[in-house]
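Observations on the model geometry
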Amino acid sequence: MNAITDIARALAAGSTDAIPSSLFGLPDQAPHERVLLAADPVTGLKAILAVHSTARGPAFGGCRFWSYDNELAALNDALRLSQGMSLKNALANLPFGGGKAVIIKPQGDFDRAALFAAFGRAVQSLQGAYITAEDVGTTTADMKGMMAQTQYVSGIPREGAFGGDPSPKTAYGVFVSIDEGVKRVLRRESLEGVRVALQGLGAVGWHLAEYLHRAGAKLVVADVNAEKVARAQTELGAKAVGINEILAADVDVVAPCALGATLNAQSIPLLQAALIAGAANNQLATAADGDALQARGITYLPDYLVNAGGIISVAREFRNEGEENAVMAEVGQIRGRVAELLDRIQVSGQTPAREADAWARSLLVKPA
């Protein structure tokens, strides 16, 4: 199925919900600078490389490898994720713009190394306008294998130098955000005894669970992988609930760490937490969902503010500036930005989502 076929079928069924208003960007937003559709019939590669903005520098953002319902869903994901990277990189004060790639996972058997080599050639074809790294479904091995095809790749273990899996850095940034949010929103002195629901125990979610456990938080967890849930129960004393129950758990904090758009018209009325801060990208299904959270008295810390630890890590690696302690200290500065956002909304009266968006967009210019 291709994008044109997807549109034709949707129209024939009388539905326009799945049809993007533009192939160049999101509704009510400026168009992306570049959107590349890359296909390779030999390896089965179908990839979308979306360059949202290069105002601050080359677009930098990971590559997602996922099974999508159709190609339009993949396009929409790429556009949403790449725009989010522009905002994330701006708030993190990185000299990079925003971009993202998605690869549609082939059905049946395929040669993974060959497919990522083909993807590497697609990245190289953009001649440095886009730099890639890990995201959901991709690994350090995938990135390392691409090095023969492109130099515009990061997140790779390097002998005697800083680099590798950015997941722990992402988790740490979310952890300090939750800690700051608990102090400012819940008025608690520490995370001791604070109940946190973790939606997703993937690479980032697991590291976050470990940070929270060490700080004394009480964990409630859900994941599609039953083995990870069982491990969290054994090693972290977590309580397990179903994946359809986790957002409505009786907790103080919800940390979405799976896929996006989980905060929506269906889930928001069921939330019991007072604070939301997690690693998943694009947690709000729509901008109006941020308003709905505010109306319920729930403080939402925007994902692209709190989950920037990973891009900070791979950006420093790419620039050959990294050193573990220094990078962790830089990731720790996310705490201060969370505090600043909470101060800003007291003055502006805006929701955190809208205030963060305006703040980030004001920074989408070339750094001084």
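For the structure itself, consult the block above.
For the structure given in this document, a descriptive report is provided here. Note that the structure is predicted; figures quoted are calculated from it, not measured. Positions within a chain are numbered from 1, following the residues in the order the chain's sequence is written. Local features in this predicted model are restricted to residues of pLDDT 70 or higher, and side-chain atom pairs are both shown and tallied only at a pLDDT of 80 or more, whereas totals for entire chains, interfaces and linings draw on every residue. To get the side-chain values, all heavy atoms of the structure are used, and hydrogens and water are removed first.

**Notes on the sheet that holds strand S9 (residues 239-240)**
As a reminder of what qualifies: At least two DSSP bridges between two strands are required for those strands to pair. Runs of E in the DSSP output that reach at least two residues are strands. Runs of H or I that reach at least four are helices, and both are numbered from the N terminus.
Taken together, six strands build an open sheet; the order of strands is S9-S8-S7-S10-S11-S12 and the sheet is parallel. Edge positions in the sheet fall to S9 and strand S12 (299-300), since each has one partner strand and no second. In this structure, strand S10 (residues 253-256) lies alongside strand S11 (residues 275-276), joined through two bridges in parallel fashion. Bridged to Val254 within S11 is Ile276.

**Notes on empty space enclosed by the protein**
Summary: where empty space remains is shown by rolling a probe the size of a single water molecule over the atoms. To be explicit about the condition: Cavities and pockets are defined on a 1 Å grid built over the protein atoms alone: a cavity is a set of grid points where a 1.4 Å probe fits but cannot escape, while a pocket is an open set with protein on both sides within 12 Å along at least five of seven lines, and lining residues are those with an atom within 4 Å of any such point. Grid points are joined across faces, edges and corners, and a volume is the space filled by probe spheres set on the points. Amino acids outside the nonpolar list (Ala, Val, Leu, Ile, Met, Phe, Trp, Tyr, Cys, Pro) and the charged list (Asp, Glu, Lys, Arg) are all regarded as polar, and Gly is one of them.
Summed over all chains, the structure comprises one cavity of 30 Å³ or more. Put simply, the largest cavity is a space of about 50 Å³. What lines the largest cavity is simply Arg80, Leu81, Gly84, Met85, Lys88, Lys100, Asn281, Asn282, Asp303 and Tyr304. Elements represented by at least two residues in the lining of the largest cavity include exactly helix H2 (71-91) and helix H9 (303-306). Looking at the lining of the largest cavity element by element, the count peaks at five residues for H2. The residue inventory of the lining of the largest cavity, partitioned by class, reads three nonpolar, three polar and four charged.

**Some words on the nonpolar core**
Note the threshold: We define the nonpolar core as a collection of buried residues of types Ala, Val, Leu, Ile, Met, Phe, Trp, Tyr and Cys that are connected through side-chain atoms lying within 4.5 Å of one another. To sort residues, take the accessible area from a 1.4 Å probe on protein chains only and compare it with the maximum for the residue type: under 20% means buried, over 50% means exposed, and anything in between is partly exposed.
In terms of nonpolar packing, the biggest core is built from 87 residues, with Leu49, Phe119, Ile178, Leu198, Leu208, Leu212 and Leu219 touching the most fellow members. Listed in part, the 19 residues of the second largest apolar core include Val220, Ala222, Ile246 and Tyr300.

**Focus on the pattern of salt bridges**
Our working rule: Here a salt bridge means any side-chain nitrogen of Lys or Arg lying within 4 Å of a carboxyl oxygen belonging to Asp or Glu.
Considering all chains together, one arrives at 21 salt bridges under this definition. Note that Arg316 and Glu321 form a salt bridge whose closest N and O atoms lie 2.6 Å from each other. Taking the relative accessible area as the measure of exposure, Arg316 reaches 17% and is therefore buried. Here Glu321 makes a salt bridge to Arg319, at a shortest N to O gap of 2.9 Å. With relative accessibility at 38%, the residue Glu321 sits in the partly exposed group. Residues joined in a network through salt bridges with shared partners are Arg64, Asp77, Lys100 and Asp135.

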